[in-house]
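Listed here are the chains, written in short residue letters.
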Amino acid sequence: MRTLSPLLLCLVLAAPVARGDDSTLTAGTFDPPRAAPDFTLRGSDGTDLSLARYRGKVVVLFFGYTHCPAVCPTTLATLARAHKTLGDAAKDLQVVYVTVDPEHDDVARLREYLANVNPTFRGATGTPEQLEAVRRDYGVSSSKLEAGLFNHSSSTYLIDRTGLLRALMPYGQPPEAYVHDVRILLGAGSTS
Amino acid sequence: MRRVASRIVLALLGVVACAFTAWAALTPIPSGPRDQLFEIPKGTWARRMSGDLVPILPDRIHLTLGLCDVLVLRNLDDIPQIFGPTLMMPGQSFRLPFAVASDYTFDCTAHPSGQMTIVVEPFPDTPWARLVWRTRQLARPTPG
């Protein structure tokens, strides 16, 4: 990956793949896990969106913007396939997509965008200050480029039913990796 | 007489070199712990704030698939540290397995440059690859 843009660098963060027994998460794991920083933003369903609202579900948290040409469409499509593969278990999975581009991604735009991916996915937007605070809490980077593009962190965060930030899935993982890890988190609650 | 002695020494060196090469190329590499641990020491942030730019983590970390392919970072500092997209709290560890050989560049606040590169090499499954791998291991500093 030699000397490429951060966006392209993100493309090769697709390394970790499931190995070991089924109780081992594919994603990078935190030890000890900490409580996922909560926030209150404007949800794409028109209501306030906070993580506490989804307590009891596994939350896959992802940061991006709807005009993203590569990382976001790929990741959201992957998550949509994983959601489909999970079948009935997907009712306990919530994908939350937080925009890094509040100037363009308002509630209506997020709703329209995600409706084409998976209608159960929720977008979140807010003021630039609110969104910056959320990114800071998660260590997410985002910088505006020319032509309305952004460099942004491409990993997704896996939050268990109890609200613990358990793992970070690097960009590029296949749907099977998400299915594997979400099933573990759905079954195990807050334990590895 | 001196000339003969020199030839004997050279011959012995040649035999040793050949033996090492044969061993390095043909002997399977034993498997061991696959975790490669790196710790961000206590006081990293304070050192950087005081202008001490001495690198604490290596700029480049080498991993090998099938042998040592799990990166483990531990933040022993008193403040959160960012590794790539990961914010690690004080005392927290992050364990990341790799399964694709490539070079990975991450932002990292523990580095004066703000970046670190993880080089994940393929499993050395041929005699030549084993020889190269062992030679590189001799040249690399032990992580710690």
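Not measured: the values here are computed from a predicted model. (Residues numbered from 1 in each chain as written. Chains lettered and ligands numbered in written order. Predicted model: local features only at pLDDT ≥ 70, side-chain atom pairs only at ≥ 80, totals over all residues. Heavy atoms only, no water.)

S.K.: Any chance you could explain the overall build of chain A here in plain terms?
M.R.: A tally of regular secondary structure across chain A gives 5 helices and 10 strands. Across the 192 residues in chain A, those meeting the buried criterion constitute 53%. For chain A, restricting intrachain contacts to residue pairs at least 6 apart in sequence, the fraction spanning at least 24 positions comes to 73%. Surface summary for chain A: the accessible area is close to 8000 Å², and the carbon and sulfur share equals 54%. (Helix = DSSP H or I, 4+ residues; strand = E, 2+ residues; numbered from the N terminus. Buried < 20%, exposed > 50% of the residue type's maximum accessible area, 1.4 Å probe, protein only. Contact = heavy atoms within 4.5 Å. Areas by Shrake-Rupley, 256 points an atom, 1.4 Å probe, with all protein chains shown as cover.)

S.K.: Quick question: what am I supposed to make of the overall build of chain B here?
M.R.: What chain B contains, in helices and strands, is 3 helices and 8 strands. Helices and strands in chain B line up, N terminus first, as α-β-α-β-β-β-β-β-β-β-α. Classification of the 144 residues of chain B by burial places 37% in the buried group. Excluding contacts between residues fewer than 6 apart, the proportion of contacts in chain B whose partners are at least 24 apart in sequence is 63%. As displayed, chain B offers around 8000 Å² of accessible surface, 66% of which is attributable to carbon and sulfur atoms.

S.K.: Just to check I follow, could you spell out the packing of aromatic side chains for this structure?
M.R.: Describing an aromatic ring pair means giving the distance of the ring centres and the angle of the ring planes. Residue and element names in this part refer to chain A. Per the counting criterion, the structure on display carries 7 aromatic pairs over all chains. Considering the side-chain rings of F62 and Y97, the 5.7 Å spacing of their centres and the 25 degrees angle between planes classify their relative orientation as stacked. With F62 in strand β4 (residues 58-64) and Y97 in strand β5 (residues 93-99), the pair connects residues that are 35 residues apart, well separated along the chain. In this structure, F62 and Y97 share a single accessibility class: buried. Members of the aromatic cluster, joined through ring pairs, are F62, Y97 and Y113. (Phe/Tyr/Trp six-rings, centres within 6.5 Å; stacked < 30°, edge-to-face > 60°.)

S.K.: Please explain helix α4 (residues 128-138) of chain A as it appears in this structure.
M.R.: In an α-helix, one turn spans 3.6 residues, which is why side chains three or four residues apart end up on the same side. All names here are of chain A. The complete set of buried residues in α4 reads L131, V134, R135 and Y138. Relative to the axis of α4, the buried residues are bounded by an arc of 100 degrees and lie together on one face. Turned more than 90 degrees from where α4 packs its buried face, E129 and R136 sit exposed. Following α4 by one or two positions, G139 has its phi on the positive side, about 75 degrees. (Arc of directions from axis to C-beta.)

S.K.: Please clarify how the pairing of strand β1 (residues 35-40) of chain B should be interpreted in this entry.
M.R.: On a regular strand, each side chain points to the face opposite its neighbour's, so the side chains alternate between the two faces of the sheet. All names here are of chain B. Side chains Q36, F38 and I40 of β1 all project onto a buried face; the interleaved residues D35, L37 and E39 project onto a face where none is buried. Pairing of β1 with strand β3 (residues 70-75) involves 6 bridges; the strand directions are parallel. Bridge assignment links Q36 to a residue of β3, and that residue is L71. (Pairing = 2+ DSSP bridges.)

S.K.: Even after reading the chapter, I still don't get the environment of R42 of chain A, so can you show me in this structure?
M.R.: Residue and element names in this part refer to chain A. Mapping R42 onto the fold places it in strand β2 (residues 40-43). Excluding its chain neighbours within four sequence positions, the residues that come into contact with R42 are T47, D48, V107, G123, A124 and T125. Among the polar contacts made by the side chain of R42, one reaches the side chain of D48 at a distance of 3.2 Å. (Polar contact = N/O pair within 3.5 Å; in protein donor to acceptor, adjacent residues only side chain to side chain.)

S.K.: It is not clear to me how the nonpolar core should be interpreted in this structure. Could you clarify?
M.R.: Burial of nonpolar side chains together is a common tendency in soluble globular proteins. Formed by 75 residues in total, the largest nonpolar core has its most connected members in Y138 of chain A together with I118 of chain B. Those residues in contact with I118 of chain B, other than ones at most four positions away along the chain, are I61, L63, L71, F83, F98, S102, D103, Y104 and F106 of chain B. (Core = buried A, V, L, I, M, F, W, Y, C linked by side-chain atoms within 4.5 Å.)

S.K.: When you look at the sheet that holds β4 of chain A in this model, what are you seeing that I'm missing?
M.R.: Hydrogen bonds between backbone groups are what pair the strands of a sheet, and the pairing can be parallel or antiparallel. Read across the open sheet, the 11 strands follow the order β3(A)-β2(A)-β6(A)-β5(A)-β4(A)-β9(A)-β10(A)-β1(A)-β6(B)-β3(B)-β1(B); overall the sheet is mixed. Looking at which strands have only one partner, the edges of the open sheet turn out to be β3 (48-50) of chain A together with β1 of chain B. Neighbouring strand axes in the sheet, compared pairwise and without regard to direction, differ in orientation by 30 degrees on average. Contacting β4, β5 and β9 (156-159) of chain A, helix α2 (residues 71-86) of chain A crosses the sheet at an angle of about 165 degrees to β4 of chain A. (Axes fitted to C-alpha atoms, helices over the stretch in contact; angles between N-to-C directions.)

S.K.: Is there a simple way to think about a nonpolar patch on the surface in this case?
M.R.: Residues and elements named next belong to chain B. Judged by side-chain polarity, V4, I8 and L12 come together as a nonpolar surface patch covering roughly 280 Å² of accessible area. Checked against the element boundaries, L12 lands in helix α1 (residues 2-26). Residue classification places L12 among the exposed residues on the basis of a relative accessible area of 53%. (Patch = residues over 30% accessible without salt bridge, like charges linked within 9 Å, V, L, I, M, F, W, Y side chains within 5 Å. Salt bridge = Lys/Arg side-chain N within 4 Å of Asp/Glu carboxyl O.)

S.K.: Any chance you could explain unusual backbone geometry here in plain terms?
M.R.: Note: most residues except glycine have negative phi, and most peptide bonds are trans. Residue and element names in this part refer to chain A. Here the bond from D31 into P32 is cis, since omega is -5 degrees, no more than 30 degrees from zero. Take P32: it is sitting in strand β1 (residues 28-35). The residue A147 is not glycine, and still its phi comes out positive at about 60 degrees. Relative to the elements of secondary structure, A147 occurs in the loop between β7 (142-144) and β8 (150-152).

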